[in-house]
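Notes for the structure review
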Amino acid sequence: MIWDLYLVMPLALVFIGALFLMLFSLVKQVELTNYNLVTVAFLSVSLIIELIIFQNVEHDYLFETIFAKMFIVDKLSTLFNILFLSGAILTLLINNNYFKSRDYYNGEFFALLLFSIFGMMMLAHTNELITAFISIELASITLYVLVGYNHHSPKSSEAMLKYIILGSLAGVFFILGVALVYGVVGSTYLGDIYSYLIHHQNSDISLLVVGMMFMMVTLLFKIGAAPFHSWVVDVYIGSPFPVTMFMATTLKIAIFSILLRLFLVDFAPIYPLILEIIKVVAIATLLLGSLLAIAQTQLKGMLAASSIVHVGYMLMALYAIGVGSSFAASAIIFYLISYFLSALGAFGILSFLASDEEKRHLSFDDFKGFAHERPYMAAAMTIFMLSLAGFPSTIGFLGKFYIFMSVVETGEILLAGLGILIAFISIYYYFKLIALMYFYPSPNPKKRFPFAISTLLIVGVALMIVWGGIGTGLIPFVAGADGLLTIASEALKTIGK
Amino acid sequence: MQHLLSMILFLPLLVAFTMGLLRVSIETLRMATFGSSLIVLLFAVVVAFYFHLDGGMQFVHNSPWISHYGINYSIGIDALSLLLLLLIALIMPLIFLAIWEEQRKGYFYNLLLLQTGVSGVVMAQDLILFYLFWESMLLPIFIMIGAYGYGMRHFNAMKIIIMTVLGSMSMLLAIIYLGYTHYATVGFWSFGLSDLTQLAFDSKTSILLAGAFLLAFAIKIPLFGFHTWMAPAYSSAPTAIVVVLSAIMAKLGVYGLYRFGFTLFEVPLGFYTPYVILLCLIGIVFYSIHAIMQRNLKRIFAFSSGAHLSLITLGLFMTNIYAWSGGMYLLATHAIASAGIFLMIGMLGRRTQDIQIAHLGGIASIAPRFAFFFAFFALAITGVPGTGGFVAELLIIIGAFKYHFWVGVVAATTMLGAILFIFWTLQRTLFGTTQEATKHFGDLSAIEIGILTPLVIILLVTGIFPSLLLDFLDASLSANLEAFKGGVK
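The rules behind each value
Residues numbered from 1 in each chain as written. Chains lettered and ligands numbered in written order. Predicted model: local features only at pLDDT ≥ 70, side-chain atom pairs only at ≥ 80, totals over all residues. Heavy atoms only, no water. Helix = DSSP H or I, 4+ residues; strand = E, 2+ residues; numbered from the N terminus. Rg over C-alpha atoms; globule rule 2.2 N^0.38 Å. Buried < 20%, exposed > 50% of the residue type's maximum accessible area, 1.4 Å probe, protein only. Contact = heavy atoms within 4.5 Å. Areas by Shrake-Rupley, 256 points an atom, 1.4 Å probe, with all protein chains shown as cover. Lys, Arg positive; Asp, Glu negative; His and termini not counted. Charge placed at Lys NZ, Arg CZ, Asp CG, Glu CD. Buried area = accessible area lost by both parts, 1.4 Å probe. Salt bridge = Lys/Arg side-chain N within 4 Å of Asp/Glu carboxyl O. Polar contact = N/O pair within 3.5 Å; in protein donor to acceptor, adjacent residues only side chain to side chain. Patch = residues over 30% accessible without salt bridge, like charges linked within 9 Å, V, L, I, M, F, W, Y side chains within 5 Å. pLDDT = per-residue confidence, 0-100.

Structural notes on the overall build of chain A
Scanning chain A from terminus to terminus reveals 21 helices and two strands. Taken over C-alpha atoms, the radius of gyration comes to 22 Å for chain A, in line with the 23 Å a tight globule of 497 residues would show. In terms of its C-alpha atoms, chain A occupies a principal-axis envelope of roughly 70 × 55 × 50 Å. Of all 497 residues assigned to chain A, the portion counted as buried reaches 65%. In chain A, 79% of the contacts between residues at least 6 apart in sequence involve partners at least 24 apart. Just so you have it, chain A exposes about 16600 Å², and 70% of that area is on carbon and sulfur atoms. Each charge sign in chain A was given a centre, from 23 positive and 27 negative side chains, and these centres are 11 Å apart.

What follows is the structure in structure tokens.
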């Protein structure tokens, strides 16, 4: 019981924090920064406990006497929780100035954000489909509100409506899928579905497969894979910067946490049936995402479209899991971490600029001469772009390298070749930004480096990206390129069937 | 001693990082940059001093980097690497001297990063490490062309990066496949060059893999057909980068071909040999004709570089000892001569603000020292007797005749073509009557002569005592050639 309480602490802290902030937000005199700090405090404590749990958890269930086996606690879920929490902390701290520069933020924003994180953490722990559905919806519904948080902007409301209608429609498929699966198996536990599939290999399981495909549709929609990707660009552009940042990094990881669990456990017996679909989806995502990214005129749009391409790479690795690659799963986790850091930094710089200069829609032109105005920030942005483009000496390169490795391992040289071709295309739109920053004279005089928590964090993330790309065991206790992979594969080992 | 190479490699990077962090003034930055390049030169000379001529790969250092995939930080040098390392270490301080007056800090940071990149390429013995340096040397070039260049600099910067990255990406795919095959056949991961040479492939796969590597190097050299980035990039780039492009980067293409192409793919390269030789021969003639047609000094010498690099590549594919030692010899002497000529074009450009030949003329009468040095480097490029280029080109042409009569004949036209366009250029630039742009042409200053003199001395020494450098390369080249021939049979 005590052990369970210990394991549930991070989750409970986030939930209590959310409730506390909801009540706290009624107090009118509190400054926005204080809300932010309180939120970060809750998240940080939760993160620290989660880090300790990661060291000594193997395979456990939360309150088994009450919830049966609904919530699993293993290294994988803990690792994902660590990512959500650090993502949320970084998002909040980096955007501290941005919150202050806009008048529509208040205490509820932080409460909603915490609820969303609570949903994601539940999702990482889930071992059962109904819980998964509830967690996804909890994470999403709060996000619907957050997307439309800028109530002065019609664009923001439009984005919210688009997201809420399409998102709930997609959500319906999941519950339909769950119903079909339950109809066949008579249980919604991941383990039960797996053992049913193993024991009924010769009987007709088409209904079950259809159900699972429906669930897949929802998940593919939520990560923004083709052909369900059309919402991504509009919603990302319409939402406020902190929310875009949160969606692009943290939400994506959350959906991958359940996708990975489902795929590694339940889908394992029916790989032959679905692999072709995954492959086609991956290829389509890569191609359509690249096309979209080239066409964007707004920076936010380019980053949004490029996030679709990054999903394509991870789907490629998902396909490789199915074909039998032993590294693909850890490659996905590594890629998630690398994308998480790079995108966080890139969006962070955008929000830093938007908070500084009252620029609502950052277009490419706003970056003209940025390197002469703010050399350090431009250097950090260059690192983020290089990492997103997969240029060597950044963590993004290793992320792509591991994925291509795992695809080549399955013998799909052409697929890896396509991936490399897409990476080549991406050089164009990422380097366009670098070119703009360095090639044009700056209209404004050179500014001093603004020492603030947000800018220091951005530089810190940039250093982490370089460290992740070239780091070795030189510094003990700091996970470099090698350590992260070890952590990822360690986490995957604890996943039970 | 053991870490000497690592120090050469990372000193410039470290200086760039520290200086950037401390936000030093331009004067400090200039001194630190120049100082670091001198220290690197000193280290490189020390390395050369302790280098054993017949010792194969030396100063080897290995430490694990990504142990999951058997990727090591593995560096070492043999005779050719050492030659290129010395070239880089020598040319960089001269570049820093040449841009001494420069007020934009970006110049120094980018060149420091570039130095680390190019030094890494010649040292790396692990394919992923090699790829890392190979790619990262592009970024400073991209930024410098785009930010400090001339003409259509944005477009040309994008063009050079897109084209060269296309090559490197195809190489990356091949590297990944090689690494995986090593895992599948031997049982553990490795990307080390010495491990990967042990692999055997069926002929179709190996031809594809060799092609992927060849593409990367062909774009970098550039061979005929892959050259469209060359002239625009040369004409847009600032002096410092033109020197690097022609004296170092193009040579690294040949180096990569020698180090990785010929070591990993002995047999399949035979499949490509006729095509590459054809491209080289077309290139020699085509670039020479183009050089004659150009109106811009930088473009003339860009195409002349192309012609000589085609000749070097031709020498490499002749696979006999004459052509190989000639090729390596030309690699060194052409690097020195073209560094000299492009540094001088930069000096000329600073004086006249114009490097169109039509606007120049009469320089010899008012600036005799300039004319002397300019003519010397130009002639060194054509390979007149007495300069190192002569010996080198002669050796390659002998090798080419040994390979096939007509190949030898076409290869020999390099010298003819070079003499044609160089003399014509010299006549129009240095002689004749002075024009508006050259009316107040100042002669070379003491510093400028100081920059150019070491290059002149090296060219003369290599020309008069060719055996110095040839003996230096001979042992390593014949060993590799034997290994290569053994692989083919």
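Further notes follow.
Section: the interface of chain A and chain B
In this assembly, 42 residues from chain A lie in contact with 37 residues from chain B. Here chain A and chain B share an interface that buries about 3700 Å² over both sides, 79% of which is from carbon and sulfur atoms. The interface formed by chain A and chain B includes zero salt bridges. Viewed at the interface, chain B and chain A are joined by six residue pairs in polar contact (both at pLDDT 80 or more).

Section: a nonpolar patch on the surface
Residue and element names in this part refer to chain B. There is a patch of nonpolar side chains on the surface, built from Ile457, Leu460, Val461, Ile464, Phe465 and Leu468 and spanning about 550 Å² of accessible area. Per-element tally for the nonpolar patch: the top contributor is helix H19 (residues 446–464), with four residues. Among the secondary structure elements, Ile457 is positioned in helix H19. We classify Ile457 as partly exposed; its relative accessible area is 48%.

A short note on the confidence of the model for chain B
Per-residue pLDDT for chain B has a mean of 89; in total, 99% of the residues score no lower than 70. For this predicted complex, the interface confidence comes out at an ipTM of 0.91, alongside a pTM of 0.93.

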